[in-house]
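Here are the chains, one letter per residue:
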Amino acid sequence: MASIASLGIGSGLDLNGLLGDLEKAENKRLEPIAAQQSSYKTKLSAFGKLESSLNALRDAASKLGDPATFTAVGSEITGSAVSVSTGKGAEAGRYQIEVSQLAQAQSSASKGFSSKSDDLGISGTLSFTVGSGDQIDVDYASGDSLSDIRDAINAKDAGANASIINDGSGYRLVMTSSETGTDAEIAFSSDTDFSFETKVAAQDAQLKVNGIDIVSQTNTVEEAIQGVTLKLDATTDAAATLTVSKDTEAMSASVKAFVDAYNAVQKTADALTGYNADTDTAGLLLGDSTMRSIESRLRGALSTPNDDGGSYRLLSNMGIERQLDGTLKIDSDKFDQALADDTAGVSQFFSGADGESGFIGSFDKTLGTILDSGGSLEAATDGIDSTLASLKDRYSRMQDSISSTIDRYRKQFSQLDSLVSQMNSMSSYLNQQFSALSAQTK
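What comes next is a walk through the structure.

## Some remarks on the packing of aromatic side chains
One pass over the full model with this rule turns up 12 aromatic pairs. Pairing Phe70 with Phe350 gives two aromatic rings, centres 5.7 Å apart and planes at 5 degrees, and the pair type is stacked. Here Phe70 is found in the loop between helix H2 (31-64) and strand S1 (73-77), whereas its partner Phe350 is found in helix H7 (residues 343-351), with 280 residues between them in sequence. Residue class for Phe70 comes out buried when judged on its relative accessible area of 4%. The lysine or arginine in question, Arg408, covers the ring of Tyr409, its NZ or CZ lying 5.6 Å from the ring centre.

Following this line, the structure appears as structure tokens:
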């Protein structure tokens, strides 16, 4: 079969160009399908943007629905002797804290030895007890060095660590409790070869909170004040004042994050469903039934009264109102007043009396009908995927049909080229014969 590049050589006709024009014309049959594919892919991308913004809204709603959001507290303490962290259950209050003694770990040192690596030339058993634990026996024999005995003690992992210190006149084996406090005190029952002497005594932390004496084995004191952890860094010359108060800023920030996330969804929806008369440009989901349904569900979820029995039934009762453009706006004065007057009521509105229902529980169910498996977004995108698969098959079949048509044209043009070439040859031959005959006649 003649190739497209050789067509027309025999006949002198521009069959190659003609076939190219026919192929371009045939390929135009693909353009409507390609346009449909592009349209559906763009629509799929639009649903992806919507889904992303809805997931962000769901995350913000989840944080707002956590009861801990509205029990958050902040703390402030004077001085640098004590640092504070607050957690779940912390209550607002004012506390005077005095630290008279820090907890410390016991440290005992042996007599001095001339070397840490040479044979000590002694044998026996070093026995000790940490707190109320079992007696620990460490055997040593001739040939063992001070380092060997240190390693043997540490291998016991018995609540005391051994190290070697050079005091300038010799090497001492030092044993230090792993924990602070008197409960980790080290008692030696056999140490004649080492003659341990306590250098730092084990002691508990001692402090007062609002005049109440408190003893702690460590310098981290938990639950002396409900939901508050105190870290003792130094003793105090004067009482430190700790103020624990409701963290209304964190509460307001959670509400604002929800409002911002909702408004982001509204902005995305407006962009996808709007129409610009100046540019005659329509949004990618303008008129889409799934989009209309989603917008309707979200509006309904915002306006559904909360009948959980709390102080508030609607967002607007707390100063969160829907604007004409569909976005939400917070009346800061009204909302801050609601937080100050009835934090528990605000919390109950959002998370319910059980911490799982309320406005957010209902709102999340609505989002679930949109975002979860089997929801409206999945149904819409699955439909688009199915349509795209069908269009892909249709495009492929059309390509095959075009290829078949072009192959048929190519064969026909090749035959035409051959036929015209033969006719040209015959014409040339006849012209020669007639010329020869004419010459003979003359």
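Picking up after the structure, the text goes on.
## Digging into the sheet that holds strand S2 (residues 82-86)
Sheet architecture is open: 3 strands sit in the order S2-S14-S13, paired in antiparallel fashion. Edge strands, defined here as strands with exactly one partner in the open sheet, are S2 and strand S13 (220-225). Sheet twist, expressed as the mean angle between neighbouring strand axes with direction ignored, is 30 degrees. Strand direction decides the pairing type here: S2 and strand S14 (residues 228-232), joined by 5 bridges, are antiparallel.

## Focus: helix H5 (residues 289-303)
In a regular helix each residue adds 1.5 Å, so 15 residues correspond to 21 Å; H5 covers 21 Å between its end C-alpha atoms and thus fits that length. Capping of H5 at its N-terminal end is provided by Asp288; its side-chain oxygen lies 3.0 Å from the backbone amide nitrogen of Thr290.

## A look at the sheet that holds S1
Reading across the sheet, the 5 strands line up as S1-S15-S3-S11-S12 and stay open at both edges, with antiparallel pairing between neighbours. Edge positions in the sheet fall to S1 and strand S12 (212-216), since each of these pairs with one other strand and no more. The mean inter-strand angle of the sheet, taken between neighbouring strand axes irrespective of direction, is 25 degrees. Pairing between strand S3 (residues 93-101) and strand S15 (residues 240-246): 5 bridges, direction antiparallel. Bridge pairing links Gln96 to Thr241 in S15.

## Thoughts on the pairing of strand S5 (residues 124-130)
Of all the 7 residues making up S5, 5 are buried; the element is thus mostly covered by neighbouring parts of the structure. Inspection of the sheet shows S5 paired to strand S6 (residues 136-140) by 5 bridges, in the antiparallel sense. By the bridge assignment for S6, Leu126 is matched with Val138. The antiparallel pairing of S5 with S6 creates a hairpin that spans 5 residues between the two strands, and Gly131 there sits at a positive phi of about 60 degrees. Pairing of S5 with strand S9 (residues 186-190), which is carried by 4 bridges, proceeds in the antiparallel orientation. When the bridges of S9 are listed, Val130 appears paired with Ile186.

## Quick notes on helix H8 (residues 358-371)
Across its 14 residues, H8 extends 20 Å between first and last C-alpha, which sits within 8% of the 20 Å expected from 1.5 Å per residue. Most of H8 sits inside the fold, with 10 of its 14 residues counted as buried. Considered for burial, the residues of H8 that qualify are Gly358, Phe359, Ile360, Gly361, Phe363, Thr366, Leu367, Gly368, Ile370 and Leu371.

## Considerations on the nonpolar core
The biggest cluster of nonpolar side chains holds 45 residues, and the ones touching the most others in it are Leu54, Phe350 and Phe363. When contributions to this core are tallied by element, the ones reaching two or more residues are H2, helix H4 (248-273), H5, helix H6 (332-341), H7, H8 and helix H9 (376-441). For this core, the element with the highest residue contribution is H4, accounting for 9 residues. Of all hydrophobic cores here, the second largest spans 21 residues; its members include Phe113, Ile149, Ile153 and Met175.

## Some remarks on a nonpolar patch on the surface
A cluster of nonpolar residues, Met426, Tyr429, Leu430, Phe434 and Leu437, forms a patch on the protein surface that exposes about 530 Å² of accessible area. Inspection of the secondary structure assignment puts Leu430 in helix H9. For Leu430, a relative accessible area of 37% corresponds to the partly exposed category.

## As for the pattern of salt bridges
Inspection of the entire model under this criterion finds 12 salt bridges. In this structure, Arg58 and Asp364 form a salt bridge, with 2.9 Å as the shortest nitrogen-oxygen distance. Remark: Asp364 occurs in helix H8 and Arg58 occurs in helix H2; sequence separation between them is 306 residues. Here Arg58 falls in the buried class, since its relative accessible area comes to 18%. By relative accessible area, which is 31% here, Asp364 ends up partly exposed. One network of salt bridges, in which partners are shared, links Arg58, Asp364 and Asp372.

## A look at a negative patch on the surface
Taken together, Glu321, Asp331, Asp333 and Asp336 make up a surface patch of like negative charges. Within the fold, Asp333 resides in helix H6. Using a relative accessible area of 65% as the deciding quantity, one classes Asp333 as exposed.

## Comments concerning unusual backbone geometry
Phi at Glu223 takes a positive value of approximately 65 degrees, unusual for a residue other than glycine. Along the chain, Glu223 turns up in strand S13. A positive phi angle, near 55 degrees, is found at Asp280, a position not held by glycine. The exposure class of Asp280 is exposed, given its relative accessible area of 57%.

Conventions adopted
Residue numbering note: each chain is counted from 1, following its sequence as written. pLDDT decides what is reported in this predicted model: residues at 70 or higher carry local features, side-chain atom pairs at 80 or more are listed and counted, and totals for whole chains, interfaces and linings draw on all residues regardless. With hydrogens and water excluded, all non-hydrogen atoms of the structure serve as input to the side-chain values. When the centres of two rings from Phe, Tyr and Trp lie within 6.5 Å, Trp using its six-membered ring, the rings pair. Their planes under 30 degrees apart give stacked, over 60 give edge-to-face, and anything left gives tilted. Strands are runs of DSSP state E lasting at least two residues, helices are runs of H or I lasting at least four, and both sets are numbered from the N terminus onward. Relative accessibility decides the category of a residue: with a 1.4 Å probe and only protein chains considered, values under 20% of the type maximum give buried, values over 50% give exposed, and everything between is partly exposed. Each ring is checked for a lysine NZ or an arginine CZ that lies within 6 Å of its centre and within 35 degrees of its normal; such an atom marks a charge sitting over the ring. One bridge is not enough; two strands pair if DSSP finds at least two bridges between them. Working convention: axes come from line fits to C-alpha atoms, limited for helices to the stretch in contact. Angles between N-to-C directions cover 0 to 180 degrees. To estimate how far a helix should extend, the number of its residues minus one is multiplied by 1.5 Å. Two N or O atoms count as a polar contact when they lie within 3.5 Å, although within protein this holds only if one can serve as hydrogen donor and the other as acceptor, and sequence-adjacent residues are included solely when both atoms are side-chain atoms. In this description, a nonpolar core means a group of buried Ala, Val, Leu, Ile, Met, Phe, Trp, Tyr and Cys residues linked to one another through side-chain atoms lying within 4.5 Å. Patch building starts from residues that exceed 30% relative accessible area and form no salt bridge, then joins like charges within 9 Å and nonpolar side chains (Val, Leu, Ile, Met, Phe, Trp, Tyr) within 5 Å. Using the Shrake-Rupley algorithm and a 1.4 Å probe, accessible areas are obtained, with residue cover drawn only from the displayed protein chains. In the sections that follow, a salt bridge refers to a side-chain nitrogen of Lys or Arg positioned within 4 Å of a carboxyl oxygen of Asp or Glu. Charge assignment: positive for Lys and Arg, negative for Asp and Glu; neither His nor the chain ends contribute. Charged side chains are reduced to one point each, which is NZ for Lys, CZ for Arg, CG for Asp and CD for Glu.

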